[in-house]
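Each chain, written out:
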Amino acid sequence: MSAERAGMTLLLQILVMAAALQVRAAQQAQQLPAEDVITATAPLATTAPSESWHCTFQDDFCNMTTVSSYKGHWERNNTLDKVPSVQDTWYVAMSGNTSKGQRAGLETPVFSSSPVTPRCLTFFYYMDGANTGQISVLLRRGGDLVEGALWTQGRPQGQEWMPAHADIDFNTSVSIVFESKRGNNVEAVLALDEITIVEMSCNSFQPTDEPDQRTMCDFEDSLCGFTLENEKGEWLWITPHDKAINFPHPAHDHTYSTDFGHYLVAPLMDNREGLVGRVVTPEFTEELNKTQCLTFWYMHNGQTNKDALTVSIKHDLDIFARAVWRETSEFLVNFEWRKVV
Ligand SMILES: [Ca+2]
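Residues numbered from 1 in each chain as written. Predicted model: local features only at pLDDT ≥ 70, side-chain atom pairs only at ≥ 80, totals over all residues.

What follows concerns the overall build of the chain. Helix and strand counts for the chain stand at one helix and 24 strands. Counting every position in the chain, which comprises 341 residues, the buried fraction comes to 33%. Contacts spanning at least 24 positions in sequence make up 79% of the contacts within the chain whose residues lie at least 6 apart. (Helix = DSSP H or I, 4+ residues; strand = E, 2+ residues; numbered from the N terminus. Buried ≥ 20, exposed ≤ 12 C-beta atoms within 10 Å, placed from the backbone. Contact = placed C-beta atoms within 7 Å.)

With that settled, the discussion passes to the environment of E273. Considering the arrangement of structural elements, one finds E273 in the loop between β18 (263-265) and β19 (274-280). For the pair E273 and K232, spaced 41 residues apart in sequence, the C-alpha separation works out to 7.6 Å.

As a further point, take the environment of G154. Structurally, the position occupied by G154 is in the loop between β11 (151-153) and β12 (161-168). Given 13 C-beta atoms within 10 Å, G154 falls into the partly exposed group.

Relative to the helices and strands, W151 resides in strand β11. C-beta crowding within 10 Å serves as the criterion here: with 18 such atoms nearby, W151 is assigned to the partly exposed category. Contacts of W151, omitting those with residues within four sequence positions, involve S136, V137, A164 and A166.

A few words on the nonpolar core. One finds V92, A93, Y125, I176, F178, A191 and L192 to be the most contacted residues of the largest nonpolar core, which totals 32 residues. Elements with a minimum of two residues in this core: β6 (91-94), β7 (103-107), β8 (119-128), β9 (133-141), β13 (175-182) and β14 (189-198). The element that contributes the greatest number of residues to this core is β8, accounting for seven residues. Not counting residues within four places of it along the chain, the set of residues in contact with A191 comprises L80, Y91, V92, A93, Y125 and Y126. F219, A266, L268 and V280 belong to the second-largest nonpolar core, a separate cluster that totals 14 residues. (Core = buried A, V, L, I, M, F, W, Y, C linked by C-beta atoms within 7 Å.)

Confidence in the prediction for the chain averages 76 pLDDT; 69% of positions are at 70 or higher. Scored below 50 in pLDDT, residues 208-212 shows 13 contacts in the model against residues more than four places distant or in partner chains. (pLDDT = per-residue confidence, 0-100.)

Attention now goes to unusual backbone geometry. Residue P118 is reached from T117 by a cis peptide bond, and omega for that bond is -5°. When you line up the elements, P118 lands in the loop between β7 and β8. Residues other than glycine seldom take positive phi values, yet N63 does so here, at roughly 65°. With respect to the helices and strands, N63 occurs in the loop between β3 (51-55) and β4 (65-66). Notably, E194 is not glycine yet its phi reads approximately 55°, a positive angle. Checked against the element boundaries, E194 lands in strand β14. On the basis of neighbour counts, which here come to 21 C-beta atoms within 10 Å, the residue E194 falls in the buried class.

Structural data, given as structure tokens:
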């Protein structure tokens, strides 16, 4: 997108970020960008608080034990990509020898009660595959599991380690149980790594690599306040399961990797040159001296020398004419989701 062109097309009055698609030359059908999962995050803390327990699974299970009342079990493995910025390679994954609905539990040693409470539990998890099942964090006090999960995740995250955290009350002695439940897809991967207990509340610091997600939209239930602005073409909110869609489109969304998932798509169906349309986020509040991180997944089945996806920012009434991001040809792989940070 040229600077002049960007300035002409960003006419929005109340918005600070816009994703715009520009067709630079005549194109026929067969190309389309699509977007799924857009996240804005706050900056990360620069100092790490002291840790009272840490497990990388690099050498062993760190005295974590299998919960015998479950049929499944967790096993150490080293075949997935390691956690970014972490030098070790081993993690634990739910054993593949589990059938649909079966659970596995991995439990920490018992931690004594402490006046330093609550403490922050941080860990990374990996959930890939449709109908993955779920991972939950449970607490055991006085020998009994506390009713209700402290944390749970049942939504596939793709081939990526995701950070998580939760505060744990240390007023009484406690052990932590990581419980996995196999979904319909017995091939799905459920894994854990880098479990840490920090000697302060999660509210007192920003857990390492844990983004504060101000705005996250996977476009599954709604547009989350995003607006779609059509120009020469249009952005559409679709699910590939809809048989009425008559243009080439990704067979699976990024969130669920199924044809029931949802995403935004802009079909390039004609020869009109110019701005196809914009996907506009809700307005974000400015914080002085703080950088915010925008993350999204996209796909482009076309030619970057002829059409392009760009991200631009609008600040109050001023328009930043230069796009803050535009795709380059190295990312152009037909019908493959790509992550932009
Ligand atoms: Ca590890």
